[in-house]
Amino acid sequence: MVSCRTIRRAAAPPALVALALVAVTACGSGGGIGSRPRDGGGLTYAESQEPGCWDPHSSSEDSTAFVQRPVFDSLVHQTSDGALEPWLAASWRIHEGGSAYTFTLRRDVTFHDGSRLNAAAVKANFDHITAKSTRSQYAAGLLGPYKGTTVEGTYRVVVRFSRPFEPFLQAASTTYLGIASPASLKAGQAALCAGTDSVGSGPFEAGRYVRGQQRSYTRYSRYAWPPKSAGHPGPARLSSLTIRFITDDTTRMGALTSDQVDAVSAIPPQQVDVLSKNAQLKTVSRAIPGAVNAFHLNTRSRLFSDPRVRKAFQRAIDFSTLTKALFQGATPRAWAPLSPTTPNGYVPDQNGHQAYDPRHAALLLDEAGWTGRDNEGYRTKGGERLTVVAPVFGTAALFTQAVQGALKQAGIDLELAESTDAAEVSTRLSQGRYDVVQTSWARGDADVLSQFFLSTATPANGGRNFSAISDPRIDAWLKAAQSMRSTERRTLYYAKIQQRVLDEAVVVPAYITTGSVAHSKRVHGLRLGISAWPEFHEVWVEDR
């Protein structure tokens, strides 16, 4: 049997946000009737992306968070339904009006190097995250208005903020704020990024890494502190785990069907139905929470500083038809910036808000002065073609190419600035040399909106405010939502923010990111957690 849970997706890489997407889903699979878990054996999992940097404190790549989750535990655990529970922290207390969090740590946790978890270790990790030398691209941003960490006892530590910051506990559950052995942090940023000094307290120890091929892991035999929802209290059932990096979709799917690997991620939409009909496999798909795949229009660019041009872009694309044609019903179109599975923020009122209306788009472009046409049919003004530039890391996806074709019908030239140089794309983003960025960003909390629409969350500061919007009302609403303990009140603020950015056409939602995972029926206990990746602690595999 297969049991599936709603999942929460971890974040995508900042330099890859330009038109990059990897989808994973959540599923739990138990053994058949009469099957009993066994210890030992190994599992091989094929992942579509390999991290550029293995330090989750520095990198914001979703692949980094995934491959390091078996190694690093967190203070808090977020369950698949969004609830928060103790992990390395046995308990916590929120005080000083919501601007201070005191954690009482477990006393039985040891890192893979034999050292013990204590309050000083937690402080060392937060100091590392916020140090300038770490050059954190995401973790530091998750800390929001962070003020500092103080040790108040061997197993008691206080994390303080300059103002109430409700999203912190959820952020503390991510791999990005995972706790490493303090000794390993002294290896230096180059070694940490290279993945040669990954030492945590997780159920698996990092093993041999072959760049471009795979990473191996071995069971940490002393592991006895998983969160309550993990399944069982002892060490992982698997003796070993191997993650292979296979970027090509066809090769990755073939590795599964030929029994070269036991499970795969990032199933192409057209392959979901095929794999689900294979009697030797189990497949499941789920919508991923957080920010949907959307186009963020740079309000400071020369073209999109004109709201009429932004709204013309918004109305010129028939996303409903494109998603049905390209995703074969596996991925629905999006109407709001947040996915429906996002806790504390999604409201359905935005449905239909920016419906396809080519006639209205044409009128808006006429009003903006783009009344001419060149010999290829693109709109012109004063002899200049209406060209919007979109940075692309790698090769543009088929969906993006289809959007390019749809915009051509409206007379808008979508120039896809493709590059395989992540640094080049990142620099372009931080310097604002673009008109539009297409991205999705998954997170198990609606505060993901602050990464996109808080005025200070610019790419130059490690944020994702690609629309470059600076709206005092949105800033005030975001900070108000961050200070609210009430879920209902937070949701109200997040709804207002979404309505505002849709009204101003600073973001154009495209589709709800959906992920899929397939695995052999010999694999049992595999479930995906809030980050939408497999949790390997409970997994066991039948003998071949």
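Look a little higher up for the structure.
Residues numbered from 1 in each chain as written. Predicted model: local features only at pLDDT ≥ 70, side-chain atom pairs only at ≥ 80, totals over all residues. Heavy atoms only, no water.

Before we go on, may I ask you to explain the packing of helix α9 (residues 307-315) against helix α11 (residues 358-367) in this structure?
Packing of α9 against α11 leaves a shortest axis separation of 8 Å and a crossing angle of 160°. On the basis of the axis angle, α9 is roughly antiparallel to α11. Judged by the twist between their axes, the crossing of α9 over α11 is left-handed. Residues R308, V309, K311, A312 and R315 of α9 form the contact with α11, whose own contacting residues are P358, H360, A361, L364, L365 and E367. (Axes fitted to C-alpha atoms, helices over the stretch in contact; angles between N-to-C directions. Helix = DSSP H or I, 4+ residues; strand = E, 2+ residues; numbered from the N terminus. Parallel < 35°, antiparallel > 145°, perpendicular 65-115°, else oblique. Left-handed = near helix turned anticlockwise from the far one by under 90°. Contact = heavy atoms within 4.5 Å.)

Is there a simple way to think about the packing of helix α15 (residues 472-483) against helix α16 (residues 487-503) in this case?
The geometry of a pair of packed helices is captured by two quantities: the angle between their axes and the separation between those axes. Between α15 and α16, the least distance of the axes is 8 Å, while the angle of their chain directions is 155°. Considering their axes alone, α15 and α16 lie roughly antiparallel with respect to each other. For the pair α15 and α16, the crossing hand works out as left-handed. Judged by residue contacts, R473, I474, W477, L478, A480, A481 and Q482 of α15 engage R490, Y493, Y494, K496, I497, R500 and V501 from α16. The class makeup of the residues in the contact of α15 with α16 is 9 nonpolar, 1 polar and 4 charged. (Nonpolar A, V, L, I, M, F, W, Y, C, P; charged D, E, K, R; others polar.)

Where do I start with the state of the cysteines in this structure?
Any covalent bond linking the sulfur atoms of two cysteines counts as a disulfide. Taken as a whole, this structure holds 1 disulfide when the rule is applied. Two residues share a disulfide in this structure: C53 and C193, whose sulfurs sit 2.0 Å from each other. One disulfide, between C53 and C193, carries an S-S torsion of -75° and so falls in the left-handed class. With C53 in the loop between β3 (42-47) and α1 (62-68) and C193 in helix α6 (residues 189-194), this pair connects stretches of sequence that are 140 residues apart. (Disulfide = S-S within 2.5 Å.)

Help me out: how do you make sense of helix α12 (residues 398-409) in this one?
In an α-helix, one turn spans 3.6 residues; hence positions three or four apart end up facing the same way. Taking 1.5 Å as the rise per residue, α12 with 12 residues should run 16 Å; its terminal C-alpha atoms sit 17 Å apart, in good agreement. Considering only its buried residues, α12 is in contact with β15 (291-297), α9, α10 (319-327), β20 (413-419), β21 (436-441) and β22 (507-511). Count one or two residues on from α12 and you reach G411, which has phi positive near 85°. (Expected span 1.5 Å × (residues − 1).)

How do you make sense of the side chain of S58 when you look at a structure like this?
Summarising the element assignment, S58 is placed in the loop between β3 and α1. On the basis of relative accessibility, which here comes to 6%, the residue S58 falls in the buried class. Only 3.2 Å separates the side chain of S58 from the backbone oxygen of T134, close enough to count as a polar contact. (Buried < 20%, exposed > 50% of the residue type's maximum accessible area, 1.4 Å probe, protein only. Polar contact = N/O pair within 3.5 Å; in protein donor to acceptor, adjacent residues only side chain to side chain.)

How do you make sense of the nonpolar core when you look at a structure like this?
A general tendency of soluble globular proteins is for nonpolar side chains to be buried together. Among the nonpolar cores identified, the biggest contains 94 residues, and L43, L75, F103, L117, F126, F168 and F453 are the most heavily contacted of them. Ranked by residue count, the leading element in this core is helix α2 (residues 119-130), at 5 residues. Apart from the residues lying within four places of it in its own chain, the contact partners of L117 are L88, L105, R106, V109, F111, V122, Y155 and I179. Core analysis: the next-biggest nonpolar cluster, separate from the first, contains 33 residues, V309, A390, A396 and I412 among them. (Core = buried A, V, L, I, M, F, W, Y, C linked by side-chain atoms within 4.5 Å.)

Would you mind going over the sheet that holds strand β18 (residues 384-385) with me for this structure?
Backbone-to-backbone hydrogen bonds pair the strands of a sheet. The strands run either parallel or antiparallel. Pairing in this open sheet of 3 strands is antiparallel, and the strands run β16-β17-β18 from one edge to the other. Single-partner strands in this sheet number two, and they are β16 (372-373) and β18. Here 2 bridges tie strand β17 (residues 379-381) to β18, and the two strands are oriented antiparallel to one another. Bridged to K381 within β18 is E384. (Pairing = 2+ DSSP bridges.)

Where do I start with the pairing of strand β7 (residues 100-105) in this structure?
Put simply, side chains in a regular strand alternate between the two faces of the sheet. Across the 6 residues of β7, 5 count as buried, placing the element largely inside the fold. Relative to β7, strand β6 (residues 89-95) is paired through 6 bridges, and the arrangement is antiparallel. The residue bridging I94 from the neighbouring strand is Y101, located in β7. Counted between consecutive antiparallel strands, the loop separating β6 from β7 contains 4 residues, among which E96 sits at a positive phi close to 55°. Bridge analysis of β7 against strand β9 (residues 156-161) gives 5 bridges, and the strand direction is antiparallel. Bridge assignment links A100 to a residue of β9, and that residue is R160.

Note that every value here comes from positions in space, so none of it alone points to a role or purpose.
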